[in-house]
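Residues per chain are reported as follows:
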Amino acid sequence: MVVLTSLALLVANAAVVLGDTTARGSKAACTQFSLSHLPDVSLVAATYFPAHARVDITNLLSRINTTDLPAFCRVELKITTNATAGSFANTEVWLPDDWNGRTLTIGNGGLGGGVLVSDLGGVALPQGFAGISTNTGHNSTAVDGSWGGPHNDNAIVDFGWRAVHLSVLAGKEITSQYYRKAAKRSYYIGCSTGQLKEIQLFPDSFDGIVVGSPANWMSHLQPWSVHMSLNVLPETSSRFITPDMWVNVIGPEVMKQCDALDGLTDGIINDPRACSFRPETLTCRPAQNTSTCLTGDQISALHRIFADYYEADQSYVFGGYYPGGEAAYASGLVGNPPFALPADWFRFFVLNDTQFTQEQYNASLIQIGEQIDPGQADAINPNLTAFAAAPHYGKVLHYVGWADQLISPGNSLHYYETVHEFTQANSSLEIDDFYRLFTVPGMNHWCGGQAANSFGGVTQPAPLSDDPQHNILSAMVRWVEEGVAPSTIVGVKYKNDSKENGVEFTRPLCKYPSMVRFRGGNPNSASSFFCA
C-alpha cells in the first residue's frame, strides 16, 4: 500500500512544523499545530486542556468526565483507510505537556467503534505517554456488529487491522511533529480485540505490547460463544441454569470442593485447572426444591460448559469456562438473553444474513468463518520471531483472568503454547526472553471479580503504584529499556473495586506456568504468597 510506505517514511524523517519560538507541549504549540506532508490524514481539531480542566468526552464506546488530568493537547484526525472506497477512521492523539518521550496505542474491545478516551485519560496521560486511539473505522458499541454488513467488507478490514495500523503510523508522526522530536519508544496496551495482529503483520510497530485476554481467534471464539449459550438455552429447557443458581448453588459448591486446594480458603481458586469439580454432588433428591439443586440435564450442561470444545471429528475449537467465576458466568455467555456479539458476527461478518439466529448454528459454520476470516482479524500466527529477534527485540506481556466470562482463559494458554512450540522448533530464541504470560486468579474479562484485579491494565482502577512492581505497563517499559523482565506483578483488590474505598487485599500475579501459593501470614498481603 502506497499510503503505508509514505507514512513509514515520514515517521523516520519527521518534519518541523512549528517555529523555533513555540514551546513544545504548551497551549501555543497546540493552538498553532498544523500537519505537514502527511498523506491521507487530515487534522479535524487541536484542543488544549490546561491541567485540571474539565474533560468531558463521550462516544458510543467510551466516556471520560474528570478534572484530574495533566495539561495536554487533544488532536483529532481523519485518516483515509481506502481512498477508492472513501472509507476513513477517526483517530485521536493526546499529547501531554510533560511528555515521557514514548507513544502508547490503546486497543479497543469487542466489535466496538470509538476512541477509548477513558484509557487515553486514565492510562496514557497520567504516565506521560503520547496516547493514540482509533474508532477502527466505525462507530458502535462493543456488542453491535450491524455496521459490518451486509457486505460492508471494507469496514470489516478496517476493524480487523488496517485502521489500527494506519493510526499507529499517523500517531507516531503527529507526535514527532508536535514535539519536534521522534518518540524514543512505542508501546501498546489493550484487552480483548485488536492486539496481536499488529506485531504479527508489522513487527516494527511496537517495542512492547501489553495484552489482556486477547480475542485473537475470532473464527473460533464466536462459534464457541454460541456453543456455550446453546448448552443452556432456551430458558424453558430443562438444562437452563438461572443466575441465582450460578451464584447461590453452583458457586458455593465449587468453593467447597476446590477453594482450599491452594492452601487458603478465601473465595479464590488460584489454579482452577487443579479443580476437578463434581456437580453431581448437587443432584436433586426426590421432592427437593429444584431451585436449590441440579437436574441431570443441568449437570450435563455444566460438564460441557467446563470442558474444552471439540467438534465431532475431534478438532479443537476453543477452551471452556473454569471453576471459580460462577458469579459472572450468567452475565457472560450462559445467560438469557444471549450475549449479542456472536450472532452479529455471523449475521454481518460471515453469512451476510440479517435473519440468522444462534439456533441455526452448526459445526459447518466454523469452517466457513475460518475460510472467510472476516477482516483478516484472526491473529493466531505463532511466528513472532521478526518481532522478538534481533535487531528489534520486541516484548510481550500477556495477562488473563481465570474467571473470564467472555473469552476462555484457555485461549490465552493455547496461543502462548503455540508460540512457545514454534519458537523452540524454529529458532534459538527462548520464549521467556520476549513473551511472558500472567494469570490472575478470580479475575473476569478485562477486570472485576474477586481478584487482585488492578495492576495497570486498561479499564481497571488505578494500580497501587505506577512502579514496575505494581503497574504492568511500567514493567514493560523497564523490560524493554533496561532489560529487567518481570517475574511477578503485584495486583490490588480495592473495596468495591474503588480506590477511594481503600485496599481489601494484594496478591502476586505469577508468570505462567507458575501459580500463586499461600505461605502463611496475613492473607490480605502479597508478601504471604509465593509463585511455584
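Draft legend 1. Broad picture of the confidence of the model for the chain. Mean pLDDT for the chain: 94, with 95% of residues reaching 70 or above. Note that residues 1-23 has pLDDT below 50 and, in this model, 47 contacts with residues that lie over four places away or in other chains.

Draft legend 2. Region of interest: the side chain of serine 474. Along the polypeptide, serine 474 turns up in helix α14 (residues 472-482). Using a relative accessible area of 14% as the deciding quantity, one classes serine 474 as buried. A distance of 2.5 Å separates the side chain of serine 474 from the backbone oxygen of aspartate 466, its partner in a polar contact. Once residues within four sequence positions are removed from consideration, serine 474 is found in contact with Gln127, Asp466, Asp467 and Pro468.

Draft legend 3. Broad picture of the packing of helix α6 (residues 218-230) against helix α10 (residues 340-350). One way to put it is that α6 packs onto α10 with a least axis distance of 9 Å and a crossing angle of 125°. Between α6 and α10, the crossing angle belongs to the class labelled oblique. Relative to α10, the crossing made by α6 is left-handed. Contacts between α6 and α10 pair Met218, Ser219, Gln222, Pro223, Ser225 and Val226 from the former with Leu341, Pro342, Trp345 and Phe346 from the latter. Considering only residue class, the contact of α6 with α10 consists of seven nonpolar, three polar and no charged.

Draft legend 4. Main features of the nonpolar core. Judged by nonpolar contacts, the single largest core of 54 residues is most densely connected at Trp246, Ile250, Tyr321 and Phe349. Of all the secondary-structure elements, those providing two or more residues to this core are α4 (153-179), α6, α7 (243-258), α8 (296-305), β11 (316-318), α10 and α11 (364-372). The biggest single contributor to this core is α7, with seven residues. By size, the runner-up hydrophobic cluster in this structure holds 41 residues, among which are Leu397, Phe438, Val440 and Cys447.

Draft legend 5. Representation of unusual backbone geometry in the model. For the bond from leucine 233 to proline 234, the omega torsion is 5°, close enough to zero to count as cis. Within the secondary structure, proline 234 is located in the loop between α6 and α7. Omega for the peptide link from asparagine 336 to proline 337 comes to 5°, which places this bond in the cis form. For alanine 287, which is not glycine, the phi torsion reads 70° and is therefore positive. A residue is classified by how much of its surface remains accessible, and alanine 287, at 87% relative accessible area, is exposed. You will see that asparagine 352, though not glycine, has its phi angle at about 50°, which is positive. By the element assignment, asparagine 352 lies in the loop between α10 and α11. Given the relative accessible area of 24%, asparagine 352 is considered partly exposed.

Draft legend 6. Local environment of the sheet that holds strand β13 (residues 435-440). Ordered by their spatial adjacency, eleven strands build an open sheet running β1-β4-β5-β7-β6-β8-β9-β12-β13-β15-β14, and the pairing between neighbours is mixed. In this open sheet, the two strands that pair with only one neighbour each are β1 (41-49) and β14 (488-494). The average angle at which neighbouring strand axes cross in this sheet is 20°, direction not considered. Relative to strand β12 (residues 395-401), strand β9 (residues 208-212) runs parallel, the two sharing five bridges. If you follow glycine 208 over to β12, its bridge partner there is lysine 395. Sheet contacts for α14: β6 (102-106), β8 (185-191), β9, β12, β13 and β14; angle to β12, the most-contacted strand, approximately 155°.

Draft legend 7. Structural view of the pairing of β12. Of all seven residues in β12, seven are buried; the element is thus mostly enclosed. By the alternation rule, side chains of β12 split into Lys395, Leu397, Tyr399 and Gly401 and Val396, His398 and Val400, which are all buried. As paired elements, β12 and β13 share six bridges and run parallel to each other. Pairing of histidine 398 across the sheet is with leucine 437, part of β13. The handedness of the β12 to β13 crossover, carried by helix α13 (residues 409-426), is right-handed.

Draft legend 8. Looking closely at the packing of aromatic side chains. Using the criterion set out here, one finds 29 aromatic pairs in the structure. Ring centres 4.1 Å apart and planes at 5° place the aromatic pair tryptophan 99 and tyrosine 179 in the stacked group. In this pair, tryptophan 99 sits in the loop between β5 (87-96) and β6 while tyrosine 179 sits in helix α4, placing the two residues 80 residues apart along the sequence. Judged by relative accessible area, tyrosine 179 falls into the buried class, the value being 3%. With 5.9 Å between their ring centres and 35° between their planes, tryptophan 161 and phenylalanine 202 make a pair best called tilted. Placement of tryptophan 161 in helix α4 and of phenylalanine 202 in the loop between α5 (196-201) and β9 is noted, with a sequence separation of 41 residues between them.

Draft legend 9. Representation of the state of the cysteines. In total, this model carries four disulfides according to the counting rule given. Disulfide partner of cysteine 30: cysteine 73, at an S-S distance of 2.1 Å. Judged by the torsion about the S-S bond (70°), the cysteine 30/cysteine 73 disulfide is right-handed. Taken together, the residues span a long stretch of sequence, with cysteine 30 in helix α2 (residues 27-31) and cysteine 73 in strand β4 (residues 72-82) at a distance of 43 residues. A single burial state applies to cysteine 30 and to cysteine 73, both of which are buried. With its sulfur 2.0 Å from that of its partner, cysteine 510 forms a disulfide with cysteine 531. Sign of the S-S torsion, about -85° for the bond between cysteine 510 and cysteine 531, identifies this disulfide as left-handed. Residue cysteine 510 is located in strand β15 (residues 503-511), and its partner cysteine 531 is located in strand β17 (residues 529-531); the two are separated by 21 residues in the primary sequence. A residue is classified by how much of its surface remains accessible, and cysteine 510, at 2% relative accessible area, is buried. Here cysteine 531 falls in the partly exposed class, since its relative accessible area comes to 28%. Numbered by position along the chain, the disulfide-linked cysteines of the chain connect as 1-2, 3-4, 5-6, 7-8.

What counts as what
- Residues numbered from 1 in each chain as written.
- Predicted model: local features only at pLDDT ≥ 70, side-chain atom pairs only at ≥ 80, totals over all residues.
- Heavy atoms only, no water.
- pLDDT = per-residue confidence, 0-100.
- Contact = heavy atoms within 4.5 Å.
- Helix = DSSP H or I, 4+ residues; strand = E, 2+ residues; numbered from the N terminus.
- Buried < 20%, exposed > 50% of the residue type's maximum accessible area, 1.4 Å probe, protein only.
- Polar contact = N/O pair within 3.5 Å; in protein donor to acceptor, adjacent residues only side chain to side chain.
- Axes fitted to C-alpha atoms, helices over the stretch in contact; angles between N-to-C directions.
- Parallel < 35°, antiparallel > 145°, perpendicular 65-115°, else oblique.
- Left-handed = near helix turned anticlockwise from the far one by under 90°.
- Nonpolar A, V, L, I, M, F, W, Y, C, P; charged D, E, K, R; others polar.
- Core = buried A, V, L, I, M, F, W, Y, C linked by side-chain atoms within 4.5 Å.
- Pairing = 2+ DSSP bridges.
- Right-handed = clockwise from strand over helix to strand, strands pointing away.
- Phe/Tyr/Trp six-rings, centres within 6.5 Å; stacked < 30°, edge-to-face > 60°.
- Disulfide = S-S within 2.5 Å.

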